[in-house]
Protein chains: 2
Amino acid sequence: MRYLVSETPFTIWLTGLSGSGKTTLAKQLHKFFIDNGCAACVVDGDALRRGLCSDLTFSLEHRSENVRRAAEVASILNNAGVIAIVALISPLVLDRKSACNVITADSFAEIYMSASLDVCELRDVKGLYEKARRNEICDFTGVSSPYERPANPLVEIDTSVLSVSESVDIVISALRRNFNGVQ
Amino acid sequence: MRYLVSETPFTIWLTGLSGSGKTTLAKQLHKFFIDNGCAACVVDGDALRRGLCSDLTFSLEHRSENVRRAAEVASILNNAGVIAIVALISPLVLDRKSACNVITADSFAEIYMSASLDVCELRDVKGLYEKARRNEICDFTGVSSPYERPANPLVEIDTSVLSVSESVDIVISALRRNFNGVQ
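Counting starts from 1 at the beginning of each chain's written sequence and moves along it residue by residue. Numbering of ligands from 1 and lettering of chains from A proceed in the order in which they are written. Local features in this predicted model are restricted to residues whose pLDDT is 70 or higher, and side-chain atom pairs enter the listing and the counts only when it is 80 or higher, whereas totals over whole chains, interfaces and linings include all residues. Side-chain figures throughout are based on the complete set of non-hydrogen atoms in the structure, without hydrogens or water.

S.K.: So what exactly am I meant to see when it comes to the relation of the copies chain A and chain B here?
M.R.: The two chain copies are connected by a rotation around an axis plus a translation along it. When the copies are superposed, the least-squares fit takes in the C-alpha atoms of residues with a pLDDT of at least 70 in both. Between chain A and chain B, which share one sequence, the superposing operator has a rotation angle of 180 degrees and an axial displacement of 0.0 Å; the RMSD is 0.0 Å. As the rotation angle and translation indicate, the two copies are arranged about a two-fold axis. The C-alpha atom lying nearest the rotation axis in chain A is that of Leu4(A); the distance is 2.3 Å. What makes two residues a contact is simply this: any of their non-hydrogen atoms within 4.5 Å. Both copies contact each other with a shared surface, as 100% of the interface residues of chain A are interface residues in chain B too.

Given below as structure tokens:
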């Protein structure tokens, strides 16, 4: 199967704590678009850290740079007609605002992955919270580094009460209401 | 018109001096692919410098980083099924080799824009050579910073003897011989 690029591409920006379900939802949203014949691309924080952002640390300054680069990549993908799905903790309001400016507000869908710190820490899929509590890693969002909630996201997804398919449905419905060209 | 992404996307990497015709050829190659219904994206050095690489200088270290980021972006575009057309001086063999490794050799088409320094300096479209000779800008490739020719490019394009449409024909013919899915 081959996919069409979009005349009105946009960026879905998933922000939230580690373990809040960003990558899982990003993959399922990607599957939704691909199944519908739309070119889409996941820009995942962990993948960026292995590639484009492999030179960056987790200091607040470098996190800002990480967010900036992710936004520039999303913008390039959008310019090529590809829907970008960014899955990135992106903890600071100011950095997400800058990202929105790079991508342009008309094309920027901020999704707040709102699972609580307790829930995310209980999951601890990658064992990172345990390490952060032991001070084996520093600057860990929610433990030793701040997370600022979005004031006005397009939607809020709490994966402690919603399944992945419910989450996809909610995001797609919100996109249909706010963006052109979502099937 | 809408465009199809490719199952076998690749990166066209145009390297050469400032004024050798990289951006002009990149735009015409982009037009060729779009006219043929294929999703394509120009990754232009000057545009990168205004966006993703706006934090970098023209030191050799930062030029390497510039090339690295361009390669990562091209790889992301390729992974999304989009043909990437990179127009970047990328003066050093080692940096282009690293870029090839990021993109993978099977998907990397190196095009050497071989117009001589004399020709490029005579054109001086952006007035940069004049500034470089006056030492008003430093680290300028060909004047105060090295350019290493590719030893074995896919093709060599000398825009002092070839027109833009002839150059496009030569590049597309070479791509057809070496890559799948070029119409």
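S.K.: So what exactly am I meant to see when it comes to the sheet that holds strand β5 (residues 155–157) of chain A here?
M.R.: Strand pairing in a sheet is mediated by backbone hydrogen bonds. Such pairs are either parallel or antiparallel. Residues and elements named next belong to chain A. Between any two strands, at least two bridges found by DSSP are needed for them to pair. To qualify as a helix, a DSSP run of H or I must reach at least 4 residues; to qualify as a strand, a run of E must reach at least 2; elements of each kind are numbered from the N terminus. The strand order across the open sheet built from 5 strands is β2-β3-β1-β4-β5, with neighbouring strands paired in parallel fashion. Each edge of the sheet is formed by a strand with only one pairing partner; in this case those strands are β2 (40–44) and β5. Geometrically, the sheet is characterised by an average inter-axis angle of 20 degrees between neighbouring strands, direction not taken into account. As paired elements, β2 and strand β3 (residues 83–87) share 5 bridges and run parallel to each other. Residue valine 43 lies in a different strand from β3, and its bridge partner there is valine 86. Relative to the sheet, helix α1 (residues 22–35) contacts β1 (11–16), β2, β3, β4 (108–113) and β5, its axis offset from that of β3 by approximately 165 degrees. All axes are obtained by fitting lines to C-alpha atoms, using only the stretch in contact for helices, and the reported angles, taken between N-to-C directions, cover 0 to 180 degrees.

S.K.: Before we go on, may I ask you to explain the interface of chain A and chain B in this structure?
M.R.: When the parts of a complex come together, some accessible area is lost, and that lost area is often taken as the interface size. Residue-level contacts link 23 residues of chain A with 23 residues of chain B. By buried area we mean the combined loss of accessible area, with a 1.4 Å probe, across both parts when two parts are placed together. Between chain A and chain B the total buried area reaches about 2100 Å² when both faces are included, carbon and sulfur atoms providing 63% of it. Here, a salt bridge means any Lys or Arg side-chain nitrogen found within 4 Å of an Asp or Glu carboxyl oxygen. For the pair chain A and chain B, the interface holds 2 salt bridges. Salt-bridge contacts for Asp55(B) lead to Arg68(A); the nearest nitrogen and oxygen are separated by 3.2 Å. In protein, a polar contact means a hydrogen-donor-capable atom and an acceptor-capable atom, both N or O and within 3.5 Å, with residues adjacent in sequence counting only if both atoms are side-chain atoms; elsewhere, any N or O pair within 3.5 Å suffices. The interface formed by chain A and chain B holds 8 residue pairs in polar contact (both at pLDDT 80 or more) in total. At 7 residues, the largest contribution of residues to the side of chain A that touches chain B is made by helix α3 (residues 60–79) of chain A. Residues are grouped as follows: Ala, Val, Leu, Ile, Met, Phe, Trp, Tyr, Cys and Pro are nonpolar; Asp, Glu, Lys and Arg are charged; every other residue, Gly included, is polar. When its residues are assigned to classes, the side of chain A that touches chain B shows 13 nonpolar, 3 polar and 7 charged.

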